[in-house]
Amino acid sequence: GMQSHLQALLSLYKLFCPEQVTITLPAKTKAYFKNSEGPWKAAISAVRQRNQGTSPLSQAVFLGTSQPQSRKRKWNAQLVIPASSANTNNLNEVKEKNRVYLYSTNMSFPVEQLQTFPQLLQNIQRLEFPSRMGSVLTNPLLLHYMNCVKDESIYLRLYYWMGHVFQEECTWCVVDNSNEEEFKSFLETVYKAECFLQEGFSACEEFLYKTLPLWDGFCCRPEILRLVSWIPSSNFSDLKSYLYDPLAQLFFTSSIYFKCSVLESLKELLLNWLNCNMMQVDSEFSS
């Protein structure tokens with residue numbers, strides 16, 4: 001049967017080799033291969049070291065100003081990924097075949113050859129999506145394709161990929177991660193993709209709900225508050241527990257600038273909800 005640990009393992013295989021895993025996996029799989037207590041253990045250890053002796057090293061570690069040892073990124077070499085097809089080893093062979101069978105409906109169309117919008121329209125039924133879903137976020141043509149096709153498997157693959165990146169690269173949850181500028185750039189890319197699609201990503205929503213209680217209100221502040229404005233509409237109890245309560249703790253102890261930034265973000269969130277509901281009403285009325 002489909003045991004939970006087996007589902008989690010298959011989700012990892014599907015992330016890297018989606019063409020090898022053909023079965024349908026649940027949209028939300030519990031992550032079994034992570035240590036969620038890492039940030040808390042690191043904070044407790046830093047407090048103990050500070051109380052036992054205020055050495056410059058322990059203070060630097062606690063304040064986050066020390067230079068951590070370089071770590072090997074596990075899931076991806078870079079956060080902004082260029083588009084590439086699933087079978088990169090056979091890319092030249094695929095190009096040769098496409099030159100010969102350009103109008104064959106059985107041949108897939110690699111994203112490396114997708115340059116213009118007319119090409120997208122002509123090959124929309126046989127477009128081969130990239131193996132690394134991160135490249136979709138920076139490709140307007142592929143974002144157009146997502147808007148038109150509404151393929152659940154595309155969103156599922158993007159959900160898996162973004163979830164792993166958030167888990168590995170969040171600068172205030174990973175103790176030895178100092179690549180704040182790179183993470184800021186990634187958050188900005190996700191925000192631009194959400195604005196293009198006019199909807200928020202479920203992986204981004206989960207990331208915010210899990211990390212806002214640990215957020216200091218300073219690291220990546222503009223990017224985080226922009227992502228808050230695209231949280232999908234849900235029931236008020238979830239929003240109060242996972243969004244309003246963590247922001248309220250920072251709101252009442254922060255500067256006027258932070259308070260105004262939070263209010264601006266919540267105003268944008270309300271406007272996005274109203275626009276989404278208006279589009280749904282218009283669609284129902286026209287049908």
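Residues numbered from 1 in each chain as written. Predicted model: local features only at pLDDT ≥ 70, side-chain atom pairs only at ≥ 80, totals over all residues. Heavy atoms only, no water.

Draft legend 1. Summary view of helix α9 (residues 202-211). Most of α9 is tucked away, with seven of its 10 residues classed as buried. On its buried face, α9 is in contact with α7 (152-169), α8 (180-197), α10 (221-228) and α11 (236-251). (Buried < 20%, exposed > 50% of the residue type's maximum accessible area, 1.4 Å probe, protein only. Helix = DSSP H or I, 4+ residues; strand = E, 2+ residues; numbered from the N terminus. Contact = heavy atoms within 4.5 Å.)

Draft legend 2. Examining the state of the cysteines more closely. Per the stated rule, a full pass over the model turns up zero disulfides. Unpaired in this structure, Cys219 has its nearest cysteine sulfur neighbour in Cys220, at a distance of 3.7 Å. A relative accessible area of 9% places Cys219 in the buried class. (Disulfide = S-S within 2.5 Å.)

Draft legend 3. Spotlight on the packing of aromatic side chains. Enumeration according to the criterion identifies 12 aromatic pairs in this entry. For the ring pair Trp172 and Trp215, a centre distance of 6.5 Å and an interplane angle of 45 degrees mean the geometry is tilted. Highlighted residues: Trp172 in the loop between α7 and α8 and Trp215 in the loop between α9 and α10, separated in sequence by 43 residues. Here Trp172 matches Trp215 in class, with each residue buried. Taken together, Trp161, Phe166, Trp172, Phe183, Phe186, Phe207, Trp215 and Phe258 form an aromatic cluster joined through their ring pairs. The ring of Tyr191 has Arg226 sitting right over it, with the charged end atom 5.9 Å from the ring centre. In this structure, Lys259 packs its charged tip against the face of Phe251, placed 5.5 Å from the ring centre. (Phe/Tyr/Trp six-rings, centres within 6.5 Å; stacked < 30°, edge-to-face > 60°. Lys NZ or Arg CZ within 6 Å of the ring centre and 35° of its normal.)

Draft legend 4. How the structure looks around the packing of α9 against α10. Closest axis-to-axis distance for the α9/α10 pair is 10 Å, and the angle between their directions is 120 degrees. Classified by the interaxial angle, the pair formed by α9 and α10 is oblique. You can see that α9 and α10 cross each other, and the crossing is left-handed. Each of Cys204, Phe207 and Leu208 in α9 lies in contact with α10, whose residues at this interface are Ile224, Leu227 and Val228. Its residues assigned to classes, the contact of α9 with α10 shows six nonpolar, no polar and no charged. (Axes fitted to C-alpha atoms, helices over the stretch in contact; angles between N-to-C directions. Parallel < 35°, antiparallel > 145°, perpendicular 65-115°, else oblique. Left-handed = near helix turned anticlockwise from the far one by under 90°. Nonpolar A, V, L, I, M, F, W, Y, C, P; charged D, E, K, R; others polar.)

Draft legend 5. Region of the structure containing the environment of Gln125. Tracing the sequence through the fold places Gln125 in the loop between α5 (117-122) and β2 (127-128). Residue class for Gln125 comes out exposed when judged on its relative accessible area of 78%. Residues Gln125 and Ser108, 17 residues apart in the sequence, show an inter-C-alpha distance of 8.7 Å.

Draft legend 6. Structural context of the nonpolar core. By size, the foremost hydrophobic cluster in this structure holds 60 residues, and its most contacted members are Trp172 and Trp215. Secondary structure elements with two or more residues in this core: α1 (4-16), α6 (140-149), α7, α8, α9, α10, α11 and α12 (256-286). For this core, the leading source of residues is α7, giving nine residues. Residue contacts for Trp172: discarding those within four places in its chain leaves Phe183, Phe207, Thr211, Leu214, Trp215, Cys219, Cys220 and Ile224. (Core = buried A, V, L, I, M, F, W, Y, C linked by side-chain atoms within 4.5 Å.)

Draft legend 7. Structural detail: a nonpolar patch on the surface. A cluster of nonpolar side chains, Leu270, Leu271 and Leu274, forms an exposed patch at the surface whose accessible area comes to about 260 Å². Mapped onto the elements of the fold, Leu274 is located in helix α12. Owing to a relative accessible area of 46%, Leu274 belongs among the partly exposed residues under this scheme. (Patch = residues over 30% accessible without salt bridge, like charges linked within 9 Å, V, L, I, M, F, W, Y side chains within 5 Å. Areas by Shrake-Rupley, 256 points an atom, 1.4 Å probe, with all protein chains shown as cover. Salt bridge = Lys/Arg side-chain N within 4 Å of Asp/Glu carboxyl O.)

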